[in-house]
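# Examining the three-dimensional arrangement
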Amino acid sequence: MTATKADARNLAPTQRLSRPATLQINRLEDGCVIYQPEQDRVHFLNQTAAIVLELCDGHHDGLAIAAQVAEHLGPHATARKVSCDILQRFLAEGLIMVAAEPPGVTVGGRKRPVKKV
Amino acid sequence: MNRTFSILGQQVVVETDQPEVGERLDDIAVRADDALSSDRTLALRVVQADGFLCILHEGRILAQETDLDAAIRMLHLLINQLVLEPQSEALKLHAAAGTWAGRFFMVTGDRGAGKTTLLLKLMLDGAEMHCDETVLLRDGLLQTFPRKFYIKTGTLACLPRVAAVCAAKHAYPGFYGKQLYFADPTDFGLPWRSRAGRPWAVFHLTPAFDQAPLIKPCAKVEMAKQLMMQTLQLTGDLGRHVAQVCRLVASCKCYSLRVGGLDATAALLKKTLA
């Protein structure tokens, strides 16, 4: 899947997100530890951040991810802000990127308009 | 004059024509049993040349010292370094390990956290102490590395029986200014065995000697982070090292241990391990 780099500040909630295939993800019961070979860096993620990263699979957008985070954190938590902060951090670290969209795909519960050329 | 012993199955032979060196070789000789075997023999010689005590390996001078204490300490360091050379795929961690009530455990933490003192206390209470500084991690399994324990002067005040043993030993200049003694369980009439396997628990120590000890479960991600900070080698495949550490923490219990007074901390640790 091709993907594009995005400015973390301008991430739209309906953009689908993916992670580089090169990330080495070590899953643990309360989070995960990521090795990022390109940067030779290690990231230690708590459970919420690990859920967000797992959902950056090219099929979920920011809204869908926030909904899953809300399910994890509970109804009173500021799930959307938490998820947005994590996504922005991931983008800044190069752990995720905006996925290229196939035309007409349904994400976040809505059908995306197909740009006609 | 020579002294032969075995470390992780490797035969270590130290030869010297210097009587004062020969008399000190027992201070650093390793008497740990392990079930490992190897064809490798590590041969070192200590000779005097031009006023220096020279340490030779395969005809090459590895180090030279004018002072006998410094030469013995250097010889000890070189032996450990050379013995570890064939273990390049194993991740080396700064940690101590012991067995209490049949449960194999590992203790990690920054220098000065109290690993050696706490494990010596447990050893005197009946635990088996395998090592106080280095463990090797391979395929998610630990192999204790039988380096002589470094007993620092602060430990002597806490453990009179250890002080009595060290009183008959030669003090060496420490690496951070203070003196240290080389010792091992056999000095206390106890067996010294290396052990390999999956630990039942890993404890991360934080010193707070003026507070009450406290033990609580530690998140596995946090323990992985702490262990990565205690790796003794930063070369090689970092991704593989991370995977090794994660495999270890995934397979055992993880605890944070605030180290308070020695007796109370040891009691808490034993209770957790029981």
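Residues numbered from 1 in each chain as written. Chains lettered and ligands numbered in written order. Predicted model: local features only at pLDDT ≥ 70, side-chain atom pairs only at ≥ 80, totals over all residues. Heavy atoms only, no water.

Moving on, we come to the overall build of chain A. Check the secondary structure of chain A and you find 3 helices and 9 strands. Written out in order from the N terminus, the α and β elements of chain A read β-β-β-β-β-α-β-α-α-β-β-β. Among the 117 residues that make up chain A, the fraction classed as buried is 40%. The contacts of chain A with a sequence gap of at least 6 include a subset with a gap of at least 24, amounting to 61%. A total of about 6,800 Å² of accessible surface is found on chain A, and carbon and sulfur atoms cover 52% of it. (Helix = DSSP H or I, 4+ residues; strand = E, 2+ residues; numbered from the N terminus. Buried < 20%, exposed > 50% of the residue type's maximum accessible area, 1.4 Å probe, protein only. Contact = heavy atoms within 4.5 Å. Areas by Shrake-Rupley, 256 points an atom, 1.4 Å probe, with all protein chains shown as cover.)

Moving on, we come to the overall build of chain B. Helix and strand content of chain B: 8 helices and 17 strands. For chain B, the C-alpha radius of gyration of 19 Å lies close to 19 Å, the compact-globule estimate for 274 residues. Expressed as lengths along the three principal axes of its C-alpha atoms, the size of chain B is roughly 55 × 45 × 30 Å. Taken across its 274 residues, chain B has 57% of its residues classed as buried. Intrachain contacts of chain B at a sequence separation of at least 6 include 70% that bridge at least 24 residues. Total accessible area computed for chain B in this model is approximately 11,600 Å², and 50% of it derives from carbon and sulfur atoms. (Rg over C-alpha atoms; globule rule 2.2 N^0.38 Å.)

Here helix α3 (residues 115-124) of chain B lies mainly inside the structure; 9 of its 10 residues are buried. Among all positions of α3(B), only K115(B), T116(B), T117(B), L118(B), L119(B), L120(B), K121(B), L122(B) and M123(B) are buried.

So, about the domain arrangement of chain B. All names here are of chain B. Entries for chain B in the domain assignment read domain 1 (2-87) and domain 2 (91-149 + 188-273). On a C-alpha basis, the centroid separation for the pair domain 1 and domain 2 is 28 Å. Contacts between the two partners involve 17 residues from domain 1, matched on the other side by 12 residues from domain 2. Both faces considered, domain 1 and domain 2 share a buried interface measuring about 1,200 Å² in area, 63% of it formed by carbon and sulfur atoms. When residues of domain 1 are sorted by the area they lose upon contact with domain 2, L8, L84 and Q87 head the list and together hold 36% of the total. Along the contact surface separating domain 1 from domain 2 lie 0 salt bridges. Joining domain 1 to domain 2, the criterion identifies 5 residue pairs in polar contact (both at pLDDT 80 or more). Among the secondary structure elements, those contributing two or more residues to the side of domain 1 that touches domain 2 are α1 (19-28) and α2 (68-84). (Domains from an automatic or database assignment. Buried area = accessible area lost by both parts, 1.4 Å probe. Salt bridge = Lys/Arg side-chain N within 4 Å of Asp/Glu carboxyl O. Polar contact = N/O pair within 3.5 Å; in protein donor to acceptor, adjacent residues only side chain to side chain.)

Our focus in this paragraph is the pairing of strand β10 (residues 141-144) of chain B. Residues and elements named next belong to chain B. Pairing of strand β9 (residues 134-138) with β10 involves 4 bridges; the strand directions are antiparallel. Considered in β10, the bridge of L137 is made with L142. Taking the residues that link successive antiparallel strands as the turn, the β9-β10 hairpin has 2 residues, and the phi of D139 there is positive, at about 55°. The pairing of β10 with strand β14 (residues 196-197) spans 2 bridges and is classified as antiparallel. (Pairing = 2+ DSSP bridges.)

This brings us to unusual backbone geometry. All names here are of chain B. Residue L8 is not a glycine yet carries a positive backbone phi of 50°. When its relative accessible area of 4% is taken as the criterion, L8 is described as buried. We note that D50 has phi near 55°; this positive angle belongs to a residue other than glycine. Inspection of the secondary structure puts D50 in the loop between β3 (41-49) and β4 (52-57).

What follows is about the packing of α1(B) against α2(B). Residue and element names in this part refer to chain B. One can describe the packing of α1 onto α2 by two numbers: an axis separation of 10 Å at closest approach and a directional angle of 45°. Compared by their axis directions, α1 and α2 come out oblique. α2 is crossed by α1, and the crossing has right-handed handedness. Residues E20, V21, R24, L25 and I28 of α1 touch α2, and the partners they reach there are L68, D69, I72, L75, H76 and I79. (Axes fitted to C-alpha atoms, helices over the stretch in contact; angles between N-to-C directions. Parallel < 35°, antiparallel > 145°, perpendicular 65-115°, else oblique. Left-handed = near helix turned anticlockwise from the far one by under 90°.)

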